Amino acid sequence: MIEAKTQLAKLLATEDITVRHSVTATTASFDVKARILTLPIWTVAEDMKDVLDMMTGHEVGHALWTEMFEWQKAIDEEKIHKQILNIVEDARIEKKIKRKYPGIVKSFIKGYGTLLDKGFFGEDANNPTQLSLLDRINLHFKLGHTAAIPFNASEEWAVEAVAAAETFDDVKRVSKMLQIDHTETLYGKD
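Reading the values: rules and limits
Residues numbered from 1 in each chain as written. Predicted model: local features only at pLDDT ≥ 70, side-chain atom pairs only at ≥ 80, totals over all residues. Heavy atoms only, no water. Buried < 20%, exposed > 50% of the residue type's maximum accessible area, 1.4 Å probe, protein only. Helix = DSSP H or I, 4+ residues; strand = E, 2+ residues; numbered from the N terminus. Pairing = 2+ DSSP bridges. Axes fitted to C-alpha atoms, helices over the stretch in contact; angles between N-to-C directions. Contact = heavy atoms within 4.5 Å. 1 Å grid on protein atoms, 1.4 Å probe; cavity = no way out; pocket = protein on both sides within 12 Å on 5 of 7 lines; lining within 4 Å. Points joined across faces, edges and corners; volume = space filled by probe spheres on them. Nonpolar A, V, L, I, M, F, W, Y, C, P; charged D, E, K, R; others polar. Phe/Tyr/Trp six-rings, centres within 6.5 Å; stacked < 30°, edge-to-face > 60°.

Undergrad: Would you take a moment to explain helix α6 (residues 133–143) for this structure?
TA: With respect to burial, α6 is a largely interior element, nine of its 11 residues being buried. Taken as a whole, α6 has its buried residues at Leu 133, Leu 134, Arg 136, Ile 137, Asn 138, Leu 139, His 140, Lys 142 and Leu 143. Trailing α6 by a residue or two, Gly 144 shows a phi angle of about 90 degrees, which is positive.

Set out below in structure tokens:
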């Protein structure tokens, strides 16, 4: 199975990326600079196969569309908060990978559903009204509309702006808007 997942990642990425399988990894990651995709090695229960395919698709999305130089510049020079940038960029690259490979959509739906059931997103994920706007945005784009993550009228602009992001410049613009409007969500209330 490891060789099959390695080949899947390379095919999806459309380049000869390095794929590492790690028993210590708790989730998948992609080193944009070194072009290394790390996948966890789990005793793969049937319900975790979609999770692994979803994680592979997600990280390949970064391989295809997240440019290391631009990412680092946004954080270091433009002072965009990394957590916000990551939430918006994840929504963008997942939208793009699903467009490019429509067959992976099912793995995303089932994979994120499995992670939710296993508590991956934390205890409050099942009671999203307790979550910050940024956490709710993240869950909304991971779990989809059927999760019915609540947003009030004054927050809808943020969901729409994240959904509309197509380029990394869009990601930066939306991230800056979220950073300005939701500083207390990131750093706590005064």
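Structure's up, so let's keep going.
Undergrad: What is the right way to read the sheet that holds strand β1 (residues 18–22) from this model?
TA: Sheet strands line up and pair through hydrogen bonds in the backbone, either parallel or antiparallel. In space, the three strands of this open sheet follow the order β1-β3-β2, with mixed pairing throughout. Every other strand in the sheet has two partners, leaving β1 and β2 (29–31) as the edge strands with one partner each. Sheet twist, expressed as the mean angle between neighbouring strand axes with direction ignored, is 20 degrees. Inspection of the sheet shows β1 paired to strand β3 (residues 36–40) by five bridges, in the parallel sense. The residue of β3 that forms the bridge with Thr 18 is Ile 36. Sheet strands in contact with helix α1 (residues 2–13) are β1 and β3, and its direction is about 145 degrees off that of β1.

Undergrad: In this structure, what is going on with the layout of surface pockets? I would like to understand it.
TA: Rolling a probe over the atoms, with the probe sized like a water molecule, indicates the empty space that remains. Counted as a void, the largest pocket has a volume near 430 Å³. Taken together, 24 residues line the largest pocket, and the ones lying closest to its centre are Ala 28, His 58, Glu 59, His 62 and Asp 90. Going through the elements one at a time, β2, α2 (49–65), α3 (68–76), α4 (82–100) and α5 (105–117) are the ones with two or more residues in the lining of the largest pocket. Ranked by residue count, the leading element in the lining of the largest pocket is α2, at five residues. The residue makeup of the lining of the largest pocket, split by class, is 11 nonpolar, seven polar and six charged. Taken as a whole, the second largest pocket holds about 240 Å³ of empty space. Lining the second largest pocket we find Ala 91, Arg 92, Glu 94, Lys 95, Lys 98, His 140, Phe 141, Gly 144, His 145, Val 159, Val 162 and Ala 163. At the level of elements, α4, α6 and α7 (156–164) are the ones that each hand at least two residues to the lining of the second largest pocket. Per-element accounting of the lining of the second largest pocket gives the leading share, five residues, to α4. Considering only residue class, the lining of the second largest pocket consists of five nonpolar, three polar and four charged.

Undergrad: Help me out: how do you make sense of the packing of aromatic side chains in this one?
TA: For any two aromatic rings, the description comes down to two numbers: the centre-to-centre distance and the angle of the planes. Per the stated rule, a full pass over the model turns up four aromatic pairs. Ring plane angle 40 degrees and centroid distance 6.1 Å describe the contact between Tyr 112 and Phe 121, whose orientation is recorded as tilted. Given a relative accessible area of 5%, Tyr 112 falls into the buried group. Every member of this aromatic cluster is reached through a ring pair, and the members are Phe 108, Tyr 112, Phe 120 and Phe 121.

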